[in-house]
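A structural walkthrough
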Amino acid sequence: MINRIDERFESHRQFCVKYLEINSDEPTDCNQIRKMSNRLSQILNGNKEIQLYDLPLFCRLLEVSCEDILSAGKSHAPASMRLTNYTVAFSKDERDWKAFVNREDSPILNADEYGKTFIDYALEAENYNLLKYLMDNQFIWFVGTDPKDFFVGFGAGTSIEKAIFPYPKNWNVLNAQLKMRDELRTHMIALAIQHKNIEMLEHLHAKEIPTLYQVSFYSSPPPTTCGQYYNPKLMETLVHADDKILEYFSGEIKIIDRVGFTNRFLFPFIGELIERLLQNKNSFTEYMLKDAIRHNQYVYDQLVSLLAAAVKFYREINYDITNTTVKNDLTKGILKDLYFYDEGSLVSYFAMPPRIKKGLRSNIIHVNAKSTDAMLNRRISELNDLYDAIHHIMPEFERDTK
């Protein structure tokens, strides 16, 4: 019991004060506190037994069952006040968080009878301070330190270890769930948006999803689609975010792929975000459209340059590009390594021949919306025209005449 008092209260005196406050309607005086402190000291030292009238109050203050107290912690009968994944996740008291994380039987690692973990409930409760406490103290992380892990689940995990004997069945469900379920990270991103915490967004790689790391240098499609990582809560939070947050999500991302190339992407769901901002007549929409146009233009220009380099190579080795048949065959050969994935939103080009050793991996943006504002409509048309031009790009044999 002494350990439980130390966990829940700053001092034994504070415990006595709380006991007296809930046991009497009268103001507590120093003499009462002194007497109660002496009685508690004798109970803890084994010189006096707990009285029956003490039990309900002790159970309430320590959030344990009567059986726990009477058996000195050897019996763990169910108690409505016992700390659980659910109760701690909704708690605002840091002492509860610390006590739960450090429990010997590590209940934080388990899912409950509903299949939910502690993190599920903390995100449901939108308990941002609790989650930030766990992250700041390295109890959990949604993003690991090795970019190689971002290919699957951003290397999320926990430092809380699985309890051993006498708790051999305590499998580390929390660690597995953090690694396998990226929606936990994106839910945390939504909370960071609500708290306008740009630093946290950067730490969580908020604009990124594993698919962007999976876009291959070669021809194989990524094993997951962007849509698999779509989080409605995150999108809804973004729609109502301020300009500073929207500016962050409007910016390009640089990602180094598995073969060392640096690739540029935009937030994969920026097209839908623009559409919803248009519906809300958000003034930031034009700025986001400009950024999307700039990105599509970059992708188009890169592809034009890569295709021109390929044409130049074949010209230099004396291919007769004035011959229609040769030109058609070269066109097929040059374009055979241009791939579009995920309903056309991801583009990958591996420039051939190998001597060129260049390529492009990126995403391109399309907006399915119109505006009553003529300027915005022109921006949308410009964006979508670039999207279409990228999908229909062809090598221009007359472009390089040298």
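Residues numbered from 1 in each chain as written. Predicted model: local features only at pLDDT ≥ 70, side-chain atom pairs only at ≥ 80, totals over all residues. Heavy atoms only, no water.

**Some remarks on the packing of aromatic side chains**
- If you walk through the whole model with that rule in mind, you get 17 aromatic pairs.
- Ring centres of Y86 and Y121 lie 5.2 Å apart, and the angle between their planes is 80 degrees; this geometry places the pair in the edge-to-face category. Of this pair, Y86 sits in helix α6 (residues 85–89) while Y121 sits in helix α8 (residues 118–124), placing them 35 residues apart in sequence.
- Judged by relative accessible area, which is 5%, Y121 ranks as buried.
- Where F313 meets Y314, the ring centres are 5.2 Å apart and the plane angle is 80 degrees; that geometry is what we call edge-to-face.
- Taking the relative accessible area as the measure of exposure, F313 reaches 13% and is therefore buried.
- Over the ring of F154 we find R185; its NZ or CZ atom is 4.0 Å from the centre of that ring. (Phe/Tyr/Trp six-rings, centres within 6.5 Å; stacked < 30°, edge-to-face > 60°. Helix = DSSP H or I, 4+ residues; strand = E, 2+ residues; numbered from the N terminus. Buried < 20%, exposed > 50% of the residue type's maximum accessible area, 1.4 Å probe, protein only. Lys NZ or Arg CZ within 6 Å of the ring centre and 35° of its normal.)

**Observations regarding the pattern of salt bridges**
- Scanning all chains against the criterion turns up 15 salt bridges.
- A salt bridge links D242 to K196, with the shortest nitrogen-to-oxygen separation between them at 3.8 Å. With D242 in the loop between α14 (232–239) and α15 (243–250) and K196 in the loop between α11 (182–194) and α12 (198–203), this pair connects stretches of sequence that are 46 residues apart.
- A single network of salt bridges, built from pairs that share partners, joins D120, R181 and E183. (Salt bridge = Lys/Arg side-chain N within 4 Å of Asp/Glu carboxyl O.)

**A look at the packing of α14 against helix α16 (residues 270–279)**
- Between α14 and α16, the least distance of the axes is 10 Å, while the angle of their chain directions is 45 degrees. Looking at the two axes, α14 sits oblique to α16. Where α14 crosses over α16, the two elements pack in a sense that is right-handed. Every residue of α16 that contacts α14 at M235, E236, L238 and V239 is listed here: E272, L273, R276 and L277.
- The residue makeup of the contact of α14 with α16, split by class, is five nonpolar, no polar and three charged. (Axes fitted to C-alpha atoms, helices over the stretch in contact; angles between N-to-C directions. Parallel < 35°, antiparallel > 145°, perpendicular 65-115°, else oblique. Left-handed = near helix turned anticlockwise from the far one by under 90°. Contact = heavy atoms within 4.5 Å. Nonpolar A, V, L, I, M, F, W, Y, C, P; charged D, E, K, R; others polar.)

**Concerning the nonpolar core**
- Within the largest apolar cluster, 80 residues are counted, with the highest numbers of intra-cluster contacts made by I119, M188, L201 and F249.
- The dominant element in this core, judged by the number of residues it contributes, is α11, at seven residues.
- Apart from the residues within four sequence positions on either side, M188 is in contact with L123, Y128, L131, K132, M135, F142, M200 and L204.
- Ranked by size, the runner-up nonpolar core spans 23 residues in total, among them V299, V347, Y387 and I393. (Core = buried A, V, L, I, M, F, W, Y, C linked by side-chain atoms within 4.5 Å.)

**A word on the environment of R8**
- Turning to its location among the elements, R8 is positioned in helix α1 (residues 2–8).
- When the C-alpha atoms of R8 and A99 are compared, they prove to be 8.2 Å apart, with 91 residues separating the residues in sequence.
- Every residue in contact with R8, bar those within four places of it in the chain, is listed here: L61, L62, E63, R95 and D96.

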